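The lines below spell out each chain.
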Amino acid sequence: MSKPSPTRTVDRSHAEALDAADPLASWRDEFVINDPELVYLDGNSLGMTPKRTVAAVRDVVETQWSGDLITSWWKHDWLNLPLVVGDELAPIIGARPGEVVVNESTTVCLFQLVNVALDLGSDDERRGGVVAVEDTEFPTDRYVVDGIARLRPGVRVRSGLTDLDGVDVVVRSLVDYRTAALHDMAAETARAKAAGAVTVWDLSHTAGVVPVDLTTAGADLAAGCTYKFLNGGPGAPAFSYVRSELHDRLRQPIQGWFAQQDQFAMDEPFSARHGMAAMMNGTPQVLGLTAARSGISVTADAGIDAIAAKAHALANYTLDLADALGLRTSTERPPASSGGHVSVNHPDATELQVQLADRSIIVDKRDPDVLRLGLSPLTTRFVDVHTALTTLHELCDRAPIRS
Ligand SMILES: Cc1ncc(COP(=O)(O)O)c(C=O)c1O
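1. Concerning the sheet that holds strand β5 (residues 169-173)
Across a sheet, strands are paired by hydrogen bonds formed along the backbone, either parallel or antiparallel in direction. The mixed open sheet is built from seven strands, whose spatial order is β2-β8-β7-β6-β5-β3-β4. In the strand order of this sheet, the two ends are held by β2 (100-102) and β4 (155-159), each with one partner. Averaged over all pairs of adjacent strands, the angle between their axes in this sheet comes to 20°, without regard to strand direction. In this sheet, strand β7 (residues 221-224) lies alongside strand β6 (residues 198-202) in parallel orientation, the contact comprising three bridges. Looking across to β7, one finds that Asp202 is bridged to Ala223. Here helix α5 (residues 81-89) sits on the sheet and contacts β2 and β8 (239-242); the angle it forms with β2, its principal contact strand, is near 120°. Sheet contacts for helix α6 (residues 106-119): β3 (129-133), β4, β5, β6, β7 and β8; angle to β7, the most-contacted strand, approximately 170°.

The following block contains the structure:
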C-alpha cells in the first residue's frame, strides 16, 4: 500500500479507516474502559485492565483464599505458581519450558541475574569481574549494578558497551525506554560472547510487544516486567529467564526457603532446587501472580506476531502524523524501533503533559524533554493517536501542516 500524503495522514478519516481495517480491533472490548472519552497512551508504563483479570482475581480471593484457605498452597498449587506462570509466559519470549520464573520486581530479578552471571565461571563469590552498562540505561539497571559493586569487592562497573574487551557481564535493555530503539539481540549477544562476556537482557519494554526468541538468539539471562505490554497489573511480578544449559551452574544470592530442595524440612542447611526453582526466594505474591497470569493469557490468545504487526503499524502512523504536523520525534521507524512507543521531543514536555491530561489524554514523560506515546496494540486505536497528536500540535502552536 502506498504511503498516504501528509494531508491525508492528518485527516481523521484516515485513522478511522485504519481502525476499521485493524484485525485486532475487537481485543479492546476485552479490557475495562470506564471512560470512553479517555485517550490512554501510557500502556507502556501500566497496561489497561483485562476484564478476565477482574474475574480471575475475584475467583482466587472468593474461592481459593476465602474457601480453601491455607490448603490452597497445595490444592491450587500456589507453591509453584511462579514456575507455572513462567511456563505460560515462555512461548511469548521464545523460551523453553522450565526456563522462566515469575516473581519479585524486575529490580530484584536483575540483582539476582547479575550475580548469577558473575558466578557462572566460579564458585568463589569474592571473585571480581567487570560489569558494563550504558550511562543512558534505565536507572534501576544502573543502580543495581552499582549496588552489586558496593557489596562485592573486586566487581567494577564500566560505562559504555562499545568496547567489551575485559568485560565479564553486560547489562542492557533490548528496547530503549526513551527512544524505543531496538537492538539486535542475537548479534549483540554474540558480540558479548566473543569478548568473553555474558549478557543480562532487560526485556521490560519488549515482552508482549516485540516477538523475541531468546532460544535462537542465544540469550543466556533475561528479566522484564509484566505490568506494561503484558497488562499484568500494577506491581505485577516480573520474570527471570535462565537458559537451561546454564541451570547446573545457577547460583543466586537470595537463599530463601522457596528455593530449598525440601522446603518443609526446616532444619536442613540450604541446598538449592535445580533449574528456575533456584531463583525463587520467599512466599510468592499469589494475587499479583494471578493478575499477571491473566494478562499474559490475553497476549498469548491474541498472538504476539499479530500484536507486533499492529505495533509497527501504530508506530509508522504515529511517526507519519508527527512529521505531517511538524512535531519532532526521536524514535526511528520500525523495525529499528520496537513499535512499542514513540517519543516526541519538546522543551515544554512537562507542561504539555499536564495540558494533555487536562484534556483527558494520558501520555508519559521522561526528562528532560520527551513525551512518550505508548502504543499498546491491544488497546490503542489509531484515532487515539490522532486525537493526541493533533491536540499536541494545537497546544504547541506549531507551523502549519506540511503538504
Ligand atoms: C527498562 C526497565 N527496567 C526496569 C524497570 C522497573 O523495574 P521494577 O519492576 O523493579 O520497578 C522499568 C520500569 O519502567 C523499565 O522501564
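That shown, we press on.
2. Structural notes on the packing of α5 against helix α10 (residues 286-302)
For the pair α5 and α10, interaxial distance at closest approach is 10 Å and the crossing angle is 15°. By the angle between their axes, α5 is roughly parallel relative to α10. Here α5 and α10 pass one another in a crossing that is left-handed. Every residue of α10 that contacts α5 at Leu81, Pro82, Val85, Glu88 and Leu89 is listed here: Val286, Leu289, Ala292, Arg293, Ile296, Ser297 and Ala300. A per-class count over the contact of α5 with α10 returns nine nonpolar, one polar and two charged.

3. Quick word on the confidence of the model for the protein
For the protein, per-residue confidence averages 94 on the pLDDT scale, and 97% of positions sit at 70 or higher. Segment residues 399-403: pLDDT under 50, and 10 contacts once partners within four positions in sequence are set aside and those in other chains are kept.

4. What about the site of the ligand?
Close contacts around the ligand come from 13 residues, with Ser105, Thr106, Thr107, Phe138 and Ser204 the closest. Secondary-structure elements contributing two or more residues to the shell around the ligand are α6 and α7 (139-151). In terms of residue class, the shell around the ligand is made up of four nonpolar, seven polar and two charged.

5. Structural notes on the domain arrangement of the protein
Taken as a whole, the protein is organised into domain 1 (6-50 + 303-396) and domain 2 (77-301). Computed over C-alpha atoms, the centres of domain 1 and domain 2 are 29 Å apart. Between domain 1 and domain 2, the contact holds 30 residues from the first and 22 residues from the second. Among the secondary structure elements, those contributing two or more residues to the side of domain 1 that touches domain 2 are α11 (304-325) and β10 (341-345). With five residues, the top contributor of residues to the side of domain 1 that touches domain 2 is α11. Classifying every residue of the side of domain 1 that touches domain 2 by side-chain character gives 13 nonpolar, 13 polar and four charged.

6. Details of the sheet that holds strand β12 (residues 370-374)
Taken in spatial order, the five strands make up an open sheet running β1-β11-β12-β10-β9, and their pairing is mixed. With one partner strand each, in any of the chains shown, β1 (39-41) and β9 (328-329) form the two edges of the open sheet. The pairing of β10 with β12 spans five bridges and is antiparallel. Bridge pairing in β12 places Ser343 opposite Arg372. Lying over the sheet, α11 contacts β9, β10 and β12, oriented at roughly 20° with respect to β10. Packing against the sheet, helix α13 (residues 382-396) makes contact with β1, β10, β11 (361-366) and β12, and its axis sits at approximately 90° to β1.

7. A closer look at the environment of Pro6
Considering the arrangement of structural elements, one finds Pro6 in helix α1 (residues 6-10). For Pro6, a count of 17 C-beta atoms within 10 Å gives the class partly exposed. Expressed as a C-alpha distance, the spacing of Pro6 and Ala324, which sit 318 residues apart in the sequence, is 5.1 Å.

Here is what the cut-offs are and how they apply
Residues numbered from 1 in each chain as written. Predicted model: local features only at pLDDT ≥ 70, side-chain atom pairs only at ≥ 80, totals over all residues. Pairing = 2+ DSSP bridges. Helix = DSSP H or I, 4+ residues; strand = E, 2+ residues; numbered from the N terminus. Axes fitted to C-alpha atoms, helices over the stretch in contact; angles between N-to-C directions. Contact = placed C-beta atoms within 7 Å. Parallel < 35°, antiparallel > 145°, perpendicular 65-115°, else oblique. Left-handed = near helix turned anticlockwise from the far one by under 90°. Nonpolar A, V, L, I, M, F, W, Y, C, P; charged D, E, K, R; others polar. pLDDT = per-residue confidence, 0-100. Near = placed C-beta within 6 Å. Domains from an automatic or database assignment. Buried ≥ 20, exposed ≤ 12 C-beta atoms within 10 Å, placed from the backbone.

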